[in-house]
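# Observations on the model geometry
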Amino acid sequence: MSEGTDRDRSKRDQRNLARKRRGKWWILLIASVLAVIVAGTIAYRWFKGQRAERFAAAGEALVAADKWNDAAVQYRVALQLDPSNYHGLSGAARLASKAERPEALELWQKVLALPQCTIRDREDYAELLIKTNRLNLAEKVIDPLLKDNPDTKALQLAARYSRKIGDNVKASEYLRVASKRTPDDDAPRFQLAEVLAQSTDAADQAEARKILWELAARPNVYKKAAVEALAAAPELTTDERKRLLQELTALTPKTAKDDLLAADMRIQLQPDEAARVYREEVDRWRNGQSQELLDLARWLNAHQQPELVLSTFPIERTLEDNQLLLARLDALATLQRWNDIDGALDRTDVTLDPSVIESFRARTALERNANLDAEVHWNHAISLAASDPYKLRFVANFAEQSRATAAALKAYEQLARFPEHADFAYRGTQRVSQRSGDTAAQRAATSKISARAPEDPNAADQLAYLNLLLDEDVDQNFAVAKKLAEQYPSRLSYRVTTALGYLRQHDPASAMAQFKGPVSIDWKRTLPAWRAVYAAALLASDRNDEARDIIATIPRDRLNPQERELIESPQRSN
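Residues numbered from 1 in each chain as written. Predicted model: local features only at pLDDT ≥ 70, side-chain atom pairs only at ≥ 80, totals over all residues. Heavy atoms only, no water.

## Topic: the overall build of the chain
Along the chain, the regular secondary structure elements total 33 helices and 0 strands. Residue burial in the chain is summarised as follows: out of 574 residues, 44% are buried. Of the contacts made within the chain by residues no fewer than 6 positions apart, 50% connect residues no fewer than 24 positions apart. Summed over its atoms, the accessible surface of the chain is roughly 31,000 Å², and 51% of this surface lies on carbon and sulfur atoms. (Helix = DSSP H or I, 4+ residues; strand = E, 2+ residues; numbered from the N terminus. Buried < 20%, exposed > 50% of the residue type's maximum accessible area, 1.4 Å probe, protein only. Contact = heavy atoms within 4.5 Å. Areas by Shrake-Rupley, 256 points an atom, 1.4 Å probe, with all protein chains shown as cover.)

Pasting the structure below:
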């Protein structure tokens, strides 16, 4: 019996051992399968990642070759293979930024979330935010870049941001630091000159010219830009014009724009030779390329030489280029040859957009005092352009230049319906309303601009100024003005608004205090509206003689009714 039991036990042990062996084998098999699956998944992901990298690299090469559409396809495939591929995302974000695509912002946000994100990525993202006026976000991106030994680009971005918010003093500080850190890089110095040139301070303007002259003396990429900037600068001395003429003449390769700037210098130096200079420029460029012909035609129109435009560019020649045809029509308008304009527009071979044709018809009707016909044509032009923001921009600008206030306001109102063009439209409404004296409409447009860019101090100041001018919500807007003036003491516009607030609070002494500073103000070079507020403060302070001297320099047609009222108050006659 014991032998049988032993045998049974032996069999059981063998069966158990076999089961254990089979269990280990299954475990090993399952583990092997899992390992193969994991390895396969990793390999597949690696393979997809490598393919994504190749597509991203192809996209980068196509961008370098200016084949943006093909590059976009490559980046799209790369991101379909690997949605978190760094090179695919960063490349797509840069391409979308260049093409001004709305998805650029979302792409950059994904790039910033990756561990591979670089300082250059953050700088390029900040550049997009500044360009698109997302200044609040831009500040949050730029501030960290400035903390740890910022590079030149970070300082330049900080300067651009500062200029956008109206703080040119801070912008110049950043650009000065950038110039010192990279003395061989002329980009920050050129930008510094641009900032200083916008200042109302004579010393800043002199420094701007000094920098530009230094850049003009160097044979590098900024020489041409510096020379052109100097040629457009006001109040040049005779010696400076002579030197500029030499620089412009020596530029190579010389463009029509440079040659026409040189012609401007010759006319300024020898006004009696203007007719000869016009003929020489016509002879030099009348057989040039399309852009050169257009530059010449616009230059002649700017110099009030419509007859030369018409003789140089006959109708048959201008029909080949719509921009050139517009220049010819402008020349006819200068000569008030409205019948000739109608005749040109009636031609069957004219290929101008219908909205452009209707705009010109409206202008000719307006000039003939056919106001009802003009209104019909303006409405037709706006209707034809309604679905295309760029056509609407043309109609709005053309109506504005034609002093057709109602049509311009209507076109800008239509344009504001396109979100990406809204700021442009509201600023157009501001200008037209200001010119027409409709302060309430100007305030409404400014309010919309301020609402779209709540971090923009310039918009906030302008809104506070208009509200104070209309004598509405004085306490609230006065508080806004004072805060801005304290935050940006170098901005005369903010101090003017604050002074107006003090006048509304019947505190002329505090209003006058806003105009005291380390640098005296050259009032003749300031805006007429600012002079009106200063004159009102003088009147309220019983300094009538000084007020009359300032008032004598103010062109009344550039003031709106409320500004004229400031200097025509009963106090003036006392």
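That was the structure; now back to the text.
## Some points on the side chain of threonine 497
The topology assignment puts threonine 497 in helix 28 (residues 492-504). In contact with threonine 497, other than residues within four places in its own chain, are Asp461, Ala464, Tyr465, Leu468 and Ala481.

## Remarks on the packing of aromatic side chains
Counted under the stated rule, the structure contains 11 aromatic pairs. Three or more aromatic residues joined by ring pairs form one cluster here, namely Phe360, Trp378, Phe394 and Phe398. Lying across the ring of phenylalanine 424, arginine 393 places its NZ or CZ 3.6 Å from the centre. (Phe/Tyr/Trp six-rings, centres within 6.5 Å; stacked < 30°, edge-to-face > 60°. Lys NZ or Arg CZ within 6 Å of the ring centre and 35° of its normal.)

## A short note on the pattern of salt bridges
Between side chains of opposite charge, a pair can form as their charged atoms come close. The full count for this structure, using the stated rule, is 37 salt bridges. The shortest N-O distance in the salt bridge between aspartate 121 and arginine 94 comes to 2.7 Å. Here arginine 94 lies in helix 3 (residues 86-98) and aspartate 121 lies in helix 5 (residues 119-131), a separation of 27 residues in the sequence. Across this residue pair, the class does not change: aspartate 121 and arginine 94 are buried. Glutamate 207 is the partner of arginine 176 in a salt bridge, and the nearest nitrogen-oxygen pair spans 2.7 Å. With arginine 176 in helix 8 (residues 168-181) and glutamate 207 in helix 10 (residues 202-216), this pair connects stretches of sequence that are 31 residues apart. Overlapping salt bridges, with partners in common, bring together Arg94, Arg120, Asp121, Asp124, Glu127, Lys153 and Arg160 in one network. (Salt bridge = Lys/Arg side-chain N within 4 Å of Asp/Glu carboxyl O.)

## A short note on the environment of serine 450
Secondary-structure assignment places serine 450 in helix 25 (residues 439-452). Residues serine 450 and alanine 460 lie 10 residues apart in sequence; the distance between their C-alpha atoms is 5.9 Å. Discounting chain neighbours no more than four positions away, the residues touching serine 450 are Ala459, Ala460 and Leu463.

## Observations concerning the packing of helix 27 (residues 474-487) against helix 28
Contact geometry of helix 27 with helix 28 gives a least axis separation of 8 Å together with a crossing angle of 145°. Pair helix 27 / helix 28 crosses with left-handed handedness. Residue-level inspection shows Val474, Phe478, Ala481, Lys482, Leu484 and Ala485 of helix 27 in contact with helix 28, the latter providing Tyr494, Arg495, Thr497, Thr498, Gly501, Tyr502 and Arg504. Taken together, the residues of the contact of helix 27 with helix 28 sort by class into 7 nonpolar, 3 polar and 3 charged. (Axes fitted to C-alpha atoms, helices over the stretch in contact; angles between N-to-C directions. Left-handed = near helix turned anticlockwise from the far one by under 90°. Nonpolar A, V, L, I, M, F, W, Y, C, P; charged D, E, K, R; others polar.)

## A look at the side chain of arginine 495
Mapping arginine 495 onto the fold places it in helix 28. Classification of arginine 495 by relative accessible area gives buried; the value is 14%. Looking at arginine 495, its side chain comes within polar contact range of the main-chain oxygen of proline 489, at 3.3 Å. Apart from residues lying up to four places away in sequence, arginine 495 is in contact with Ala485, Pro489, Ser490, Gln514, Phe515, Lys516 and Ile521. (Polar contact = N/O pair within 3.5 Å; in protein donor to acceptor, adjacent residues only side chain to side chain.)

## Points about the packing of helix 10 against helix 12 (residues 238-250)
Closest axis-to-axis distance for the helix 10/helix 12 pair is 12 Å, and the angle between their directions is 30°. Of the possible angle classes, the one that applies to helix 10 and helix 12 is roughly parallel. As for the relative orientation of helix 10 and helix 12, their crossing is left-handed in sense. Taking contact as the criterion, the partners of Arg209, Trp213 and Ala216 in helix 10 are, on helix 12, Glu240, Arg243, Leu244 and Glu247. A class-by-class count of the residues in the contact of helix 10 with helix 12 yields 3 nonpolar, no polar and 4 charged. (Parallel < 35°, antiparallel > 145°, perpendicular 65-115°, else oblique.)

## A short note on helix 7 (residues 152-164)
Between the first and last C-alpha of helix 7 there are 18 Å, a value that for 13 residues agrees with the 18 Å anticipated at 1.5 Å per step. On its buried face, helix 7 sits against helix 5, helix 6 (135-147), helix 8 and helix 9 (186-197). The opening residue of helix 7, the one whose side-chain oxygen lies 3.3 Å from the backbone nitrogen of lysine 153, is aspartate 151. (Expected span 1.5 Å × (residues − 1).)

## Brief notes about the environment of glutamine 191
Mapped onto the elements, glutamine 191 comes out in helix 9. Glutamine 191 sits 17 residues away from alanine 208 along the chain, and the two C-alpha atoms are 9.6 Å apart. Within polar-contact distance, the side chain of glutamine 191 engages the side chain of glutamine 156 at 3.3 Å.

## A closer look at helix 12
With 13 residues, helix 12 extends 19 Å from end C-alpha to end C-alpha; this agrees with the ideal 18 Å at 1.5 Å per step. Listing the buried residues of helix 12 in full gives Glu240, Leu244, Leu245, Glu247 and Leu248. In a view along the axis of helix 12, the buried residues occupy a sector of 170°, so they form one face of it. The exposed set on the far side of helix 12, more than 90 degrees from its buried face, consists of Asp239, Gln246 and Ala250. Buried-residue contacts for helix 12 involve helix 10, helix 11 (221-231) and helix 13 (256-269). (Arc of directions from axis to C-beta.)

## Overview of unusual backbone geometry
The phi angle at glutamate 100 is positive, at roughly 55°, despite the residue not being glycine. Summarising the element assignment, glutamate 100 is placed in the loop between helix 3 and helix 4 (104-112). The backbone phi angle of aspartate 542 is positive, close to 60°, even though this residue is not glycine. Inspection of the secondary structure assignment puts aspartate 542 in the loop between helix 30 (528-540) and helix 31 (544-551). On the basis of relative accessibility, which here comes to 65%, the residue aspartate 542 falls in the exposed class.

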